[in-house]
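Each chain, letter by letter, is given below.
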Amino acid sequence: MMTSPVAIAMRVLCVASVALPFVLAAPTRPNFIHLMTDDWGWGDVGVYRSPGGGFTKVKTPHIDALARGGKMFTDYHSTSPVCSPSRAGIMTGRFPGEIGIHTALSTNATLNQDRGNVNFLNLQIPTVTHVLQENGYMTGHFGKWHLGATKTPPAPPPTSYGINSSYTFDSVDPNLFNTTASDWPSTSSQVIVDQAIAFIKEAQANNTPFYMNVWLHVSHAKLDPNEEQRKVYATESISEICKTPSTNEKACPHLIFWASQTDADTQIGRLTAALAALEINTRTMLAFTADNGPEDPSVYFNAAGSSGPFRGQKRSLYEGGHRLPFIAHMPGTVPTNVVDHSLISGADWLPTVAKMAGITLPDSVQQTLSGQDISEILMSTSHKTKREKPLMWDWQYGVSGPCWNRAPRMAIRDGSYKLLQNPDQSRIEVYNLDALTDDKKGEFFEAQNVANDASMKTLVSQLSSQVLQWWKTLPNATSEPLPGCEGFPLPTESP
């Protein structure tokens, strides 16, 4: 349990709110599921492909059904292009660099120190699970944790963060999945969803509203789908070179990757079916997304994910590293079959959940949040709503893959425009990212840098100063510039 002043404030709020009209009665309070896959890009979900087939042949019918029965977003962003900080942003509503999580947390404290990272998520920082637990929710976390697993100093288990029930990996949880088991790569999605369904049934038996994170292993290495899972792609031409099991890892990256993703989709279908069977799908806000963009094949051969139409991938501050699928589903509350171009973030999850649960956050919590409440956006039939707060990212390390994926160290997005730069203000790049809704072809690929346009001078100065001042407040931020290249600018005239 938290013992910080914030925790005390939350407890006082919980007790005081019983008689207040804004707090919903327990049976009518919505349930929440944050469902997240690992290393899935914007183009790795069927409904995000173009009508002609687009970027990948992966089959995700159950996730597609969530989109048709809910709202899919085209401009959702994780708070980081890598795992731990992205997850910290969801849990805390903060930009993760602000709380000392700049990259993936290691089990080795020395390595964390060398990276400028903390060893684990600070217990004094309120989490969405703390907020819900303190206000009468049963809370769970199933699957990947990756918010601290050092032995020395000892990292807290997930239950120290306002979580009643957990079964995880990449953690010090006493309930650990056996990730070294030979069948883990092919059964991980199934066993994680098994735990999630059991938790839902327990909450129902207790007549208690619930919140849970269901964070899957797929598509992180290692992937090894079984024969039954691969059959889904038996008719694809790629299957002809995949008949010898011993060569699968070297010869069949797309088959391995897609079969693993489709099995994850199948297990997600089991989860949504359980909600329907228990007749609580109309009372459950389910959000589907990913933690960051797809891995580069130079890191893991079977990494065959797609950033969709965007430049960059995992570890890059270009769009492909953090612009991801996001689907909201709650029949009767979230409109059906709506595509929304509103700019939203993983940092928005905590304040949004609190608002939908009828919880007023204390000022001591509200004032620290980087994200904003987007509950009205989720429930609206509109297709685009202006954002109040800018989004900011930092990246302290190298980027795998081709040089045109190597973005500068920091970025800010405010409205249509995104500025990237290094701490010494080198490599200033500005892109107009309204191309999905406006006729500005090619700009959303971040190929047309408009930083030097005369009309942009004031905006460039404003955004550059704003993100630099923010970056200076980050603990252990590196000042070393990151080199890169311009990639493939579109031609402006014929030769």
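Above this text sits the structure in question.
Description of the structure in this document. Source: prediction; values computed, not measured.

1. Topic: unusual backbone geometry
Okay, step 1: Here Thr-152 and Pro-153 are connected by a cis peptide whose omega angle stands at -5 degrees.
Okay, step 2: The residue Pro-153 is located in the loop between β3 (138-144) and β4 (165-169) in this model.
Okay, step 3: The amide bond that connects Val-218 to the next residue, Ser-219, takes the cis arrangement and shows omega of 20 degrees.
Okay, step 4: With respect to the element layout, Ser-219 can be found in the loop between β5 (210-215) and α7 (227-230).
Okay, step 5: One non-glycine residue, Asn-476, adopts positive backbone phi at about 60 degrees.

2. Considering the side chain of Thr-60
Okay, step 1: Tracing the backbone through its elements, the reader meets Thr-60 in the loop between β1 (31-37) and α2 (61-68).
Okay, step 2: Judged by its relative accessible area of 1%, Thr-60 is buried.
Okay, step 3: Those residues in contact with Thr-60, other than ones at most four positions away along the chain, are Trp-40, Asp-44, Val-45, Gly-46 and Asp-265.

3. A short note on the packing of aromatic side chains
Okay, step 1: In this structure the tally under the stated criterion is 15 aromatic pairs.
Okay, step 2: Judged by centre distance (4.7 Å) and plane angle (55 degrees), the ring pair of Tyr-167 and Phe-177 falls under tilted. Here Phe-177 lies in the loop between β4 and α6 (184-205) and Tyr-167 lies in strand β4, a separation of 10 residues in the sequence.
Okay, step 3: When its relative accessible area of 26% is taken as the criterion, Tyr-167 is described as partly exposed.
Okay, step 4: The exposure class of Phe-177 is buried, given its relative accessible area of 10%.
Okay, step 5: With centroids separated by 6.0 Å and ring planes inclined at 85 degrees, the aromatic side chains of Phe-199 and Phe-210 adopt a geometry described as edge-to-face. A residue pair is termed long-range when its members are at least 10 positions apart, and Phe-199 in helix α6 and Phe-210 in strand β5 qualify at 11 residues.
Okay, step 6: In this structure Phe-199 comes out as buried when scored by relative accessible area, which is 2%.
Okay, step 7: We classify Phe-210 as buried; its relative accessible area is 0%.

4. What about the pairing of strand β6 (residues 284-290)?
Okay, step 1: Burial within β6 is extensive, with seven of its seven residues counted as buried.
Okay, step 2: What you see with β6 is no split at all: Thr-284, Leu-286, Phe-288 and Ala-290 on one side and Met-285, Ala-287 and Thr-289 on the other are buried throughout.
Okay, step 3: Looking at chain direction, β1 and β6 are connected through seven bridges and run parallel. The residue of β6 that forms the bridge with Ile-33 is Leu-286.
Okay, step 4: In this sheet, strand β7 (residues 323-329) lies alongside β6 in antiparallel orientation, the contact comprising four bridges.

5. Concerning the nonpolar core
Okay, step 1: Formed by 94 residues in total, the largest nonpolar core has its most connected members in Ile-33, Leu-132 and Met-212.
Okay, step 2: Top element by residues in this core is helix α9 (residues 253-277). It accounts for 10 residues.
Okay, step 3: Apart from residues no more than four positions distant in its own chain, Ile-33 is found in contact with Ile-200, Phe-210, Met-212, Val-214, Leu-271, Leu-275, Thr-284, Met-285, Leu-286, Ala-287 and Trp-349.
Okay, step 4: Val-399, Leu-420, Tyr-431 and Leu-474 belong to the second-largest nonpolar core, a separate cluster that totals 32 residues.

Criteria and thresholds
- Residues numbered from 1 in each chain as written.
- Predicted model: local features only at pLDDT ≥ 70, side-chain atom pairs only at ≥ 80, totals over all residues.
- Heavy atoms only, no water.
- Helix = DSSP H or I, 4+ residues; strand = E, 2+ residues; numbered from the N terminus.
- Buried < 20%, exposed > 50% of the residue type's maximum accessible area, 1.4 Å probe, protein only.
- Contact = heavy atoms within 4.5 Å.
- Phe/Tyr/Trp six-rings, centres within 6.5 Å; stacked < 30°, edge-to-face > 60°.
- Pairing = 2+ DSSP bridges.
- Core = buried A, V, L, I, M, F, W, Y, C linked by side-chain atoms within 4.5 Å.

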